[in-house]
Amino acid sequence: MKLGEFLVQSRRISPGQLTEALSAQLIYGGHLGTCMIERGDIDERTLGQALSVIFGVAYAEPESLEQVPKYAIDLLPVRLIEKHTVVPFCFENKTLHVAMIDPRDLSAIDELSFAAGCRIDPRVAPEVRLFQSMERYYGIPRRQRYVLLSRQLDGEAKIDLTYGHSGLDQQETLSRGTVRVEAIPRVQSPNIAADTDAESQALGSRLVAAGRLDEIADALIDTICHRTANVVLFRVKSGAIEFWRASRGVVLPAASRARFPLISEPFFSLLRGEDHYRGGIPDGAEFQNVHRTLGIGNPFEFLLAPIYVEDRLFGFFYADGGATPIPVPTSSCRRWVTKLGIALHLLLLKRRILAA
């Protein structure tokens, strides 16, 4: 059972709150529970207890992560802590108790057990507490969003879920409100393995060298277009989704650029509660509007993923294989989209440096 469904069924939240939280998750990223805490729909313990029921494991309460002994911390290397988003907090009876985002990840548990040389007892904890503990004990930096949320949970500050201008386009405004982080944030390392693929490394080199938005977009499109029928990048501007860049074959209306509502367009709602969508077009004419507007025929399958910059939805990545499946693993596409988001962030930092 999914978290949102469980909370509605147990009457912790209303169906309307779930719908709004899913929309917030699409825009701001992160786990659904994080968005619910930020919005004030639930508190941290309610979330932790719900996750405990859903996963069928004990809840690692905040107190258990406050003063973790050094010998427990030293049992696991930093690379595995960051890779699996886990924090060990107790070692007893030849068992290491660890707090995790996903305690059902058996491959992660096996890897942790091998590294520690002991049995692993997985517990579940909200991501905001895990990120806080990973920074405290291992020096893994958090994004500004989780710093502010941790302060809210600890009673130090109150978050207004409204953010200002992204800085990447003078005409772009994301309606997220009044909290503005003026300091340049540290970039948190994504939880992905180091690149070994030459094509991915070449993409990274192009993204690092890019000095304009369209150069960043073209680098990603060039990497994947020869293996797909269509690649399209969308941007979010003023609460709407606009066409940004595409590979050959996408035919836009001559009179205007494609533009779709951010929250109410059914096609993009496929990502609510999910970090990507891969499959065919669902039944229903409302899901065909985007393909019809772009002049793309209905594909055998397509991949849709959000692009985030500084915990804000910047846009969307779309790719399809035409009449055949996409011959690219989902993991590769998501890795490339992550690289694109980091490149956009890097461009923003460069502009801040020049403006300082």
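In case you missed it, the structure is sitting above this.
Owing to the predicted nature of the structure, the values given are computational and were not obtained by experimental measurement.

Rules of the game
- Residues numbered from 1 in each chain as written.
- Predicted model: local features only at pLDDT ≥ 70, side-chain atom pairs only at ≥ 80, totals over all residues.
- Heavy atoms only, no water.
- Pairing = 2+ DSSP bridges.
- Helix = DSSP H or I, 4+ residues; strand = E, 2+ residues; numbered from the N terminus.
- Axes fitted to C-alpha atoms, helices over the stretch in contact; angles between N-to-C directions.
- Contact = heavy atoms within 4.5 Å.
- Buried < 20%, exposed > 50% of the residue type's maximum accessible area, 1.4 Å probe, protein only.
- Arc of directions from axis to C-beta.
- Parallel < 35°, antiparallel > 145°, perpendicular 65-115°, else oblique.

Draft legend 1. Representation of the sheet that holds strand S7 (residues 277-279) within the structure. Spatial strand order, S6-S5-S4-S9-S8-S7: six strands in an open sheet with antiparallel pairing. The outermost strands of the open sheet, each flanked by one partner alone, are strand S6 (259-261) and S7. Between one strand axis and the next, the sheet turns through 25 degrees on average, direction left out of account. Taken together, the six bridges between strand S4 (residues 230-237) and strand S9 (residues 312-320) define a ladder with antiparallel strand orientation. Across the sheet, the residue bridging to Arg235 is Gly315, located in S9. Here helix H11 (residues 213-224) sits on the sheet and contacts S4, strand S5 (240-246) and S9; the angle it forms with S5, its principal contact strand, is near 65 degrees.

Draft legend 2. Fine view of helix H7 (residues 106-116). Those residues of H7 that fall on the buried side of the exposure criterion are Ala108, Ile109, Leu112 and Ala116. One face of H7 carries all of its buried residues, which in axial projection span an arc of 100 degrees. For H7, exposure combined with an orientation more than 90 degrees from the buried face picks out Leu106, Ser107, Asp110 and Phe114. If you follow the buried residues of H7, they end up packed against helix H6 (78-84), strand S1 (86-92), strand S2 (95-100) and strand S3 (119-124). Following H7 by one or two positions, Gly117 has its phi on the positive side, about 70 degrees.

Draft legend 3. Looking closely at unusual backbone geometry. The phi angle at Asn93 is positive, at roughly 55 degrees, despite the residue not being glycine. Along the chain, Asn93 turns up in the loop between S1 and S2. Backbone geometry at Lys94 places phi at a positive 60 degrees, although glycine is not the residue there. By secondary structure assignment, the location of Lys94 is in the loop between S1 and S2. The exposure class of Lys94 is exposed, given its relative accessible area of 70%.

Draft legend 4. Just the packing of helix H8 (residues 127-138) against helix H9 (residues 144-153), in detail. Taken N-terminus to C-terminus, the directions of H8 and H9 make an angle of 105 degrees; their axes are 10 Å apart at the nearest point. The orientation of H8 relative to H9 falls into the category roughly perpendicular. Residues Glu127, Val128, Arg129, Phe131 and Gln132 of H8 pack against Tyr146, Leu149, Ser150 and Leu153 of H9.

Draft legend 5. Representation of the environment of Leu76. Along the chain, Leu76 falls in the loop between helix H5 (70-73) and H6. Remark: the alpha-carbon pair of Leu76 and Gly117, spanning 41 residues in sequence, is separated by 9.6 Å. Discounting chain neighbours no more than four positions away, the residues touching Leu76 are Ile81, Pro88, Leu96, Val98, Leu112, Ala115, Ala116 and Tyr138.

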